[in-house]
Amino acid sequence: MPESQTIKSTAPNAIPGFDEIVTLVVKHRIKAGQDGAYEAWLRRIVSVAGQWPGHLGVDVVRGKQGGLSLFTCVLRFCSTDAMQRWLDSPERRELVEEAAPLLADGDQTEVAPHKEFWFAPLADASMPPPRWKQSVVTLLVILPHTLLVPLLWGPLLQLNAFLSNYVVATFLITVTIVLSVVYVCMPLATRLFAPWLEASKTHEHLEPGHGQ
């Protein structure tokens with residue numbers, strides 16, 4: 001890991017190897033006049049990391065900070081181990097060292113569980129989307145689930161007495177809602193509402209196979 005890299009963990013209880021989605025936030029502030037060179041470098045590291053085992057995709061936000069271009073890349077991995085292997089890999093180390101002359105503040109990284117970063121791709125750390133906007137987007141995702149999932153499960157739950165038990169039925173419905181919201185609908189919603197949540201920044205999502 002390059003000496004210029006700073007890791008701030010917001011998940012002190014995270015256990016390496018525990019099977020959960022984790023998020024790596026990488027912030028690069030680019031020296032004046034180096035945007036083009038950095039964009040070319042970014043495309044290269046996107047290609048390399050997209051082939052890394054356990055990489056699930058990346059969101060790239062382009063903004064400004066202190067008069068310089070600020071790139072915030074939010075990478076998702078299937079586990080802490082997969083993320084750490086990418087951080088410690090010779091491939092990433094060499095690429096970050098190559099980009100060092102382009103960076104005004106070095107390679108800044110932050111690690112946290114996936115659920116804490118539904119809205120992270122849309123904002124610089126000092127300017128998150130307003131909480132009321134986050135609440136509106138969350139409501140728009142949760143409400144249809146609470147209305148539709150019980151209806152979808154209904155016919156199956158009536159097949160036998162065990163499934164129709166109140167506790168079992170509630171568990172199955174709740175698990176379905178949580179998995180759908182966390183893994184599918186909330187990431188899609190944050191990208192869909194990106195212009196409204198944070199209109200001052202540009203937002204790009206790259207599917208697995210393309211990431212930093």
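Residues numbered from 1 in each chain as written. Predicted model: local features only at pLDDT ≥ 70, side-chain atom pairs only at ≥ 80, totals over all residues. Heavy atoms only, no water.

The protein chain goes by Antibiotic biosynthesis monooxygenase in an unreviewed UniProt entry, where it is assigned to Pseudomonas marvdashtae.

Undergrad: When you look at the pairing of strand 3 (residues 55-65) in this model, what are you seeing that I'm missing?
TA: As a general feature of sheets, a regular strand has side chains that alternate between the two faces. Here strand 3 runs beside strand 4 (residues 68-77); their pairing, made up of ten bridges, is antiparallel. Across the sheet, Gln-65 pairs through a bridge with Leu-68, a residue of strand 4. Here strand 3 folds back onto strand 4 in antiparallel fashion, the turn holding two residues, of which Gly-66 has a positive phi close to 60°. (Pairing = 2+ DSSP bridges. Helix = DSSP H or I, 4+ residues; strand = E, 2+ residues; numbered from the N terminus.)

Undergrad: Could you clarify how one ought to interpret the nonpolar core in this entry?
TA: Buried together is how nonpolar side chains tend to be arranged in soluble globular proteins. Counting residues in hydrophobic clusters, the biggest one holds 26 residues, and the most contacted among them are Leu-24, Tyr-38, Leu-42, Leu-75, Phe-77 and Trp-86. Contributing elements (two or more residues each) for this core: strand 2 (22-29), helix 1 (35-50), strand 3, strand 4, helix 2 (80-88) and helix 3 (90-99). Considering every element that reaches this core, the biggest residue donor is helix 1, with six residues. Grouped together as the second largest cluster of nonpolar side chains are 13 residues, Val-137, Ala-169, Leu-172 and Met-186 included. (Core = buried A, V, L, I, M, F, W, Y, C linked by side-chain atoms within 4.5 Å. Buried < 20%, exposed > 50% of the residue type's maximum accessible area, 1.4 Å probe, protein only.)

Undergrad: When you look at the packing of aromatic side chains in this model, what are you seeing that I'm missing?
TA: All chains considered together, the criterion is met by three aromatic pairs. Between Tyr-38 and Trp-41, the ring centres sit 5.3 Å apart and the planes meet at 35°, which makes this aromatic pair tilted. Remark: Trp-41 and Tyr-38 occur in helix 1; sequence separation between them is three residues, near one turn of the helix. Judged by its relative accessible area of 0%, Tyr-38 falls in the buried class. Members of the aromatic cluster, connected to one another through ring pairs, are Tyr-38, Trp-41 and Phe-71. (Phe/Tyr/Trp six-rings, centres within 6.5 Å; stacked < 30°, edge-to-face > 60°.)

Undergrad: So what exactly am I meant to see when it comes to the pairing of strand 4 here?
TA: Counting buried positions along strand 4 gives ten out of ten residues, so the element sits mostly inside the fold. With eight bridges connecting them, strand 2 and strand 4 associate as antiparallel partners. Each residue of the ladder has a partner; that of Val-26, found in strand 4, is Cys-73.

Undergrad: Mind showing me how you'd approach the confidence of the model for the protein chain here?
TA: Do not read the fine detail of predicted coordinates wherever pLDDT is low. The share of residues in the protein chain with pLDDT of 70 or more is 75%, and the mean pLDDT across the chain is 78. Helix 3 holds the highest mean pLDDT among the elements of the protein chain, 94, whereas strand 1 (residues 6-9) holds the lowest, 38. Note on residues 1-19: pLDDT is under 50 here. Beyond four places in sequence and across chains, it has 42 contacts. (pLDDT = per-residue confidence, 0-100. Contact = heavy atoms within 4.5 Å.)

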